[in-house]
Structure formats: C-alpha cells, structure tokens
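What follows is each chain in one-letter form.
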Amino acid sequence: MTATPRRVAILISGGGSNMEALVRSMGPGHPAKPVLVFSNDPDAGGLAKARKMGVPTFAIDHRPFGKDREAFEQAVDKVLRQARADLICLAGFMRILTPGFIAGWDGQMLNIHPSLLPLYKGLHTHERALQAGDAEHGCTVHEVTAALDDGPILGQARLAVRPEDTAESLAARVLPLEHQLYPAVLKRYAAGDKTPVLIG
Ligand code: GRF
C-alpha cells in the first residue's frame, strides 16, 4: 500500500526553471505530486510553463497590497489551503515571507538558495563568492524558518570556481546544479527522510 503522495505547491516569481525541474521529477510512484504553481507576478514566465505541463496555476500580484505584507500573505495562504497543499517549495520566489506566514507552514516549506549556506544569505550570492575568492560555490536547499535563508540544511550541491568565472557564468553553472539538487531533496523529504543530499 503506497502512502498518499504529498501535495506540493511551488511558489515562483520568474522563469520557473527550478519549478519545471521539480514538476518533471514527480512521476508515478514519487512520494509527492504537484498540485499548484503560484506566483506573485501574473506575468511570470513560469506560469505558462506550468500550464503546459498540466499543473494548475494561480497568481496574485503583490504590488496592490503595498506594504501590507500580511494581507498579501492571507490571500496567498487561502489559495494554498484551497489547493489542499501540504508541502511548499519556494523556487525563485522573490518575496520575503513574514514569521506569521512561515509559522503556518512549519516543517512544510522548502527553499533553494544559490550559495553554500550559511555563506551569503540574501542577494548577489555569486558576486559575493567571487569577491571573497572562494574556491567552491554552489546551492543549498533548506527548510524555511523565520530567519532569512537560515533553516536546517537538507541538501547542497557544489562546484569549483574557475579563474575566468564572472557572476553571470557562475550563476549559469550553478543553475543546473539547482535543477539536480532540488528534485533529489524533495523526493527524500516527501518520503520523510531529512538526510542531507550532497552533490559534488
Ligand atoms: C535562480 O537564480 C536561482 O538561483 C534562484 O532563483 C533564480 C531563478 O530561478 N533560486 P528559477 O529559474 O525561476 O527557478
């Protein structure tokens, strides 16, 4: 008797290449299935990609809410609950979530961040790794907690920084690692296994 698959909602803000990798990875027998792709930007390119793959989508533009983060998040939460999501994957989602929202999804929300956390929380991670002269760089999947980019690490993928690397070339080489790492972590996490996935 196979367990009922976890119902995954994927939150995006842009092209959704990580969303696409996650959706494609959830085939038959997978412990999770995609039930919704949500964006804070109705024009996000990833929404069309999700629809092409047959995944329901929903978008709520965060801009009309102005500084009222809570009101925006209440609207988002309602959509997620209506989809009966029980696992959230933030994938290129560029809105910072309040502790109140995060508390409602404690232990049920993952994020991918383009650095080897705890290095370089926040933005411009590739530039910062280059400026620091790091020999290695990569990406991390972690559980989302109230502190930004700070939750328990569920997986990391790393690569060697090359002397000729620029922030753009580094980002371009890290992205395929993200597409490898996030699906591998989701498969384990959805099956109740929090053993970190380590690549490279
Ligand atoms: C990428 O730079 C990735 O590192 C970060 O969000 C950006 C866009 O990702 N997670 P995606 O193509 O929208 O998944």
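What you see is a predicted model; the values in this text were computed from it and never measured.

The eight strands lie next to each other as E3-E2-E1-E4-E5-E6-E7-E8, forming an open sheet whose pairing is mixed. For this open sheet the edge positions go to strand E3 (57-59) and strand E8 (197-199), each flanked by a neighbour on one side alone. Taking each pair of neighbouring strands and ignoring which way they run, the sheet shows an average axis angle of 15 degrees. Direction of pairing for strand E1 (residues 6-12) relative to strand E4 (residues 87-90): parallel, over a ladder of four bridges. The partner of Ala9 across the bridge, within E4, is Ile88. Relative to the sheet, helix H3 (residues 69-82) contacts E1, strand E2 (32-39), E3 and E4, its axis offset from that of E2 by approximately 150 degrees. Sitting on the sheet, helix H6 (residues 167-190) touches E1, E2, E4, strand E5 (109-113), strand E6 (136-143), strand E7 (153-160) and E8, and the angle it makes with E7 is about 150 degrees.

So, on to the site of the ligand. Surrounding the ligand, one finds Gly15, Gly16, Ser17, Asn18, Gly92, Ile112, Pro114, Leu175 and Glu178. Ser17 is positioned with one of its side-chain polar atoms (N or O) 2.6 Å from an oxygen atom of the ligand. A distance of 2.8 Å separates an oxygen atom of the ligand from a polar backbone atom of Asn18. Taken by itself the ligand offers 360 Å² of open surface, and the protein chains cover 76% of this.

Glancing now at the domain arrangement of the protein. When the domains of the protein are assigned, the result is domain 1 (1-106) and domain 2 (111-200). The C-alpha-based centres of domain 1 and domain 2 are spaced at 20 Å. Between domain 1 and domain 2, the contact holds 19 residues from the first and 17 residues from the second. When the buried surface of domain 1 facing domain 2 is broken down by residue, Asn18, Leu90 and Ile102 rank first, second and third, together holding 31% of it. Across the domain 1-domain 2 interface, the total number found is three residue pairs in polar contact (both at pLDDT 80 or more). Elements represented by at least two residues in the side of domain 1 that touches domain 2 include exactly E1, helix H1 (17-25), E4 and helix H4 (99-103). Counting residues per element, the side of domain 1 that touches domain 2 draws most heavily on H1, at five residues. Its residues placed into classes, the side of domain 1 that touches domain 2 shows 14 nonpolar, four polar and one charged.

Glancing now at the packing of helix H5 (residues 125-132) against H6. Angle between the axes and distance between the axes: these two values describe a pair of packed helices. The interhelical angle for the contact between H5 and H6, taken along N-to-C directions, is 115 degrees, at an axis separation of 9 Å. Of the two elements, H5 crosses H6, and the hand of that crossing is right-handed. Here His126, Glu127 and Leu130 of H5 lie close against H6, whose contacting residues are Ala167, Leu170, Ala171 and Val174. A breakdown of the residues in the contact of H5 with H6 according to their chemical character gives five nonpolar, one polar and one charged.

Time to look at H5. For H5, every residue scored as buried is listed here: Thr125, His126 and Ala129. Axial view of H5: buried residues confined to an arc of 100 degrees, hence all on one face. Those residues of H5 that are buried lie in contact with E5, E6 and H6. Within two residues after H5, Gly133 carries a phi angle of roughly 70 degrees, on the positive side.

Next up on the list: the pattern of salt bridges. For the structure on display, the rule yields eight salt bridges. Across the pair Asp150 and Lys121 runs a salt bridge, and its minimum N-O distance is 2.6 Å. With Asp150 in the loop between E6 and E7 and Lys121 in the loop between E5 and H5, this residue pair connects regions lying 29 residues apart in the sequence. The class of Asp150 is partly exposed, set by a relative accessible area of 39%. The partner of Glu143 in a salt bridge is Lys194, with the nearest N and O atoms 3.2 Å apart. One end of the pair, Glu143, is in strand E6; the other, Lys194, is in the loop between H6 and E8, and 51 residues separate them in sequence. Residue classification places Lys194 among the partly exposed residues on the basis of a relative accessible area of 47%.

Parameters and conventions
- Residues numbered from 1 in each chain as written.
- Predicted model: local features only at pLDDT ≥ 70, side-chain atom pairs only at ≥ 80, totals over all residues.
- Heavy atoms only, no water.
- Pairing = 2+ DSSP bridges.
- Helix = DSSP H or I, 4+ residues; strand = E, 2+ residues; numbered from the N terminus.
- Axes fitted to C-alpha atoms, helices over the stretch in contact; angles between N-to-C directions.
- Contact = heavy atoms within 4.5 Å.
- Near = heavy atom within 4 Å.
- Polar contact = N/O pair within 3.5 Å; in protein donor to acceptor, adjacent residues only side chain to side chain.
- Areas by Shrake-Rupley, 256 points an atom, 1.4 Å probe, with all protein chains shown as cover.
- Domains from an automatic or database assignment.
- Buried area = accessible area lost by both parts, 1.4 Å probe.
- Nonpolar A, V, L, I, M, F, W, Y, C, P; charged D, E, K, R; others polar.
- Left-handed = near helix turned anticlockwise from the far one by under 90°.
- Buried < 20%, exposed > 50% of the residue type's maximum accessible area, 1.4 Å probe, protein only.
- Arc of directions from axis to C-beta.
- Salt bridge = Lys/Arg side-chain N within 4 Å of Asp/Glu carboxyl O.

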